[in-house]
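Listed below, chain by chain, are the residues.
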Amino acid sequence: MTALAAARGDSLAALSAMLGRNAAYLQQFVARGSPRRLADDDRRRLADYFGVDEVELGAAPGRRPFTLPRLDIAASAGPGAFVDGEIAIGAAAIDPALATRLGLREGQAAIVRVRGDSMEPGLVDGDLIVVDRVRRTPDARGGVYVVRIDDAVMVKRVSRGRAGLRVVSDNPTAPPVPDGPVEVIGRVVWLMREPR
């Protein structure tokens, strides 16, 4: 870890602060072996920061976390957010067992932030959602999807009927969904939220 920090010009104290730990946390880990192992979240954050596999920082081999890009778009749960492009602003790791249970494939899912209140109470402003970009075909039962109508990206409840796709908000007081061709970007398969 000392070599990784030196290569980036970072001190162990600064990296400890980045983790929200006291300034001596990583110095004690490196010099004294205390703690014996880095906390999983700390190790994950450091591995993401350095761009290395967690095994290099002491993770057990074979249980590599499933990493998702966090995209710089806000899926509006309101009138619609306009998007210039999908730029990755970071990454987050989820447990590989959860990724398997959700049926996610590497490179086919992303994390997006929700903006607005039109999907309340299920999704609220600021929620982070995992979007599976492989699942783009709503059925008659429907589900929650991220869609693009013209240039507006939104999260809505989408189902397929005889007349085509039906796109609605969960919040009955929300304004109507704008007219226009609907492009389904992916299905919302997981909500990443701290308890409220």
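Okay, so let's go over this structure. Starting afresh in each chain, residues are numbered from 1 along the sequence in its written order. At least 70 in pLDDT is required for a residue's local features to be given in this predicted model, at least 80 for side-chain atom pairs to be given and counted, and no such filter applies to totals for whole chains, interfaces and linings, which use all residues. The side-chain quantities take in all heavy atoms of the structure and omit both hydrogens and water.

**As for the overall build of the protein**
Right, on to step 1. Think of it this way: any DSSP run of H or I at least four residues long counts as a helix, any run of E at least two long counts as a strand, and we number them from the N terminus. Helix and strand content of the protein: 5 helices and 9 strands.
Right, on to step 2. When the helices and strands of the protein are listed from N to C terminus, the series reads α-α-α-α-β-β-β-α-β-β-β-β-β-β.
Right, on to step 3. Only protein chains enter the accessibility calculation, which uses a 1.4 Å probe; a residue whose area is less than 20% of its type maximum is buried, one above 50% is exposed, and one in between is partly exposed. Here the protein, with 196 residues, has 40% of them falling under the buried criterion.
Right, on to step 4. Throughout, a contact is declared for two residues whenever any of their heavy atoms are within 4.5 Å. In the protein, the proportion of contacts linking residues at least 24 apart, taken out of those at least 6 apart, comes to 58%.
Right, on to step 5. Per-residue and other accessible areas follow the Shrake-Rupley method at a 1.4 Å probe size, with only the shown protein chains counted as cover for residues. Approximately 11100 Å² of the protein is accessible, and the part contributed by carbon and sulfur atoms is 49%.

**Brief notes about the pairing of strand 8 (residues 164-168)**
Right, on to step 1. Any two strands are treated as partners once DSSP identifies two or more bridges connecting them. Pairing geometry for strand 7 (residues 152-161) and strand 8, over 5 bridges, is antiparallel. By the bridge assignment, Ser-159 is partnered in strand 8 with Arg-166.

**Digging into helix 4 (residues 40-50)**
Right, on to step 1. Restricting attention to buried positions, one finds in helix 4 the residues Asp-42, Arg-43, Leu-46, Ala-47 and Phe-50. Down the axis of helix 4, the sector holding all buried residues measures 130 degrees, keeping them to one side.
Right, on to step 2. Among the structural elements, helix 1 (2-8), helix 2 (12-18) and helix 3 (25-32) are those in contact with the buried residues of helix 4.
Right, on to step 3. Positioned one or two residues after helix 4, Gly-51 has a phi angle of 70 degrees, which is positive. Taken from the helix axis, the directions to the C-beta atoms give the arc we talk about.

**Some remarks on the side chain of Ser-169**
Right, on to step 1. Mapped onto the elements, Ser-169 comes out in the loop between strand 8 and strand 9 (182-192).
Right, on to step 2. Here the side chain of Ser-169 touches Lys-156 through a polar contact of 2.9 Å, side chain to side chain. What qualifies as a polar contact is a pair of N or O atoms within 3.5 Å, subject to a donor-acceptor requirement within protein and to the restriction that residues adjacent in sequence count only when both atoms come from side chains.

**Here we look at unusual backbone geometry**
Right, on to step 1. Across the junction of Ser-34 and Pro-35, the peptide omega takes the value 5 degrees, indicating a cis bond.
Right, on to step 2. Locating Pro-35 in the fold gives a position in the loop between helix 3 and helix 4.
Right, on to step 3. Here the amide bond leading from Glu-120 into Pro-121 is cis, since omega sits at 10 degrees, within 30 degrees of zero.
Right, on to step 4. By the secondary structure assignment, Pro-121 is in the loop between strand 4 (109-115) and strand 5 (128-132).

**A few points about the pattern of salt bridges**
Right, on to step 1. Within this document, salt bridges are pairs made up of a side-chain nitrogen of Lys or Arg and a carboxyl oxygen of Asp or Glu, the two lying within 4 Å of each other. Applying the stated rule across the entire model yields 9 salt bridges.
Right, on to step 2. Ionic pairing is found between Asp-40 and Arg-37, a salt bridge with its closest N-O pair at 3.6 Å.
Right, on to step 3. On the basis of relative accessibility, which here comes to 51%, the residue Arg-37 falls in the exposed class.
Right, on to step 4. For Asp-40, a relative accessible area of 36% puts it in the partly exposed group.
Right, on to step 5. A single salt-bridge network, built from bridges that share partners, covers Arg-37, Asp-40 and Arg-43.

**Some details on the environment of Asp-53**
Right, on to step 1. Along the chain, Asp-53 falls in the loop between helix 4 and strand 1 (66-76).
Right, on to step 2. Since its relative accessible area comes to 32%, Asp-53 is described here as partly exposed.
Right, on to step 3. When the C-alpha positions of Asp-53 and Arg-43 are compared, they lie 9.8 Å apart, and in sequence the two are 10 residues distant.

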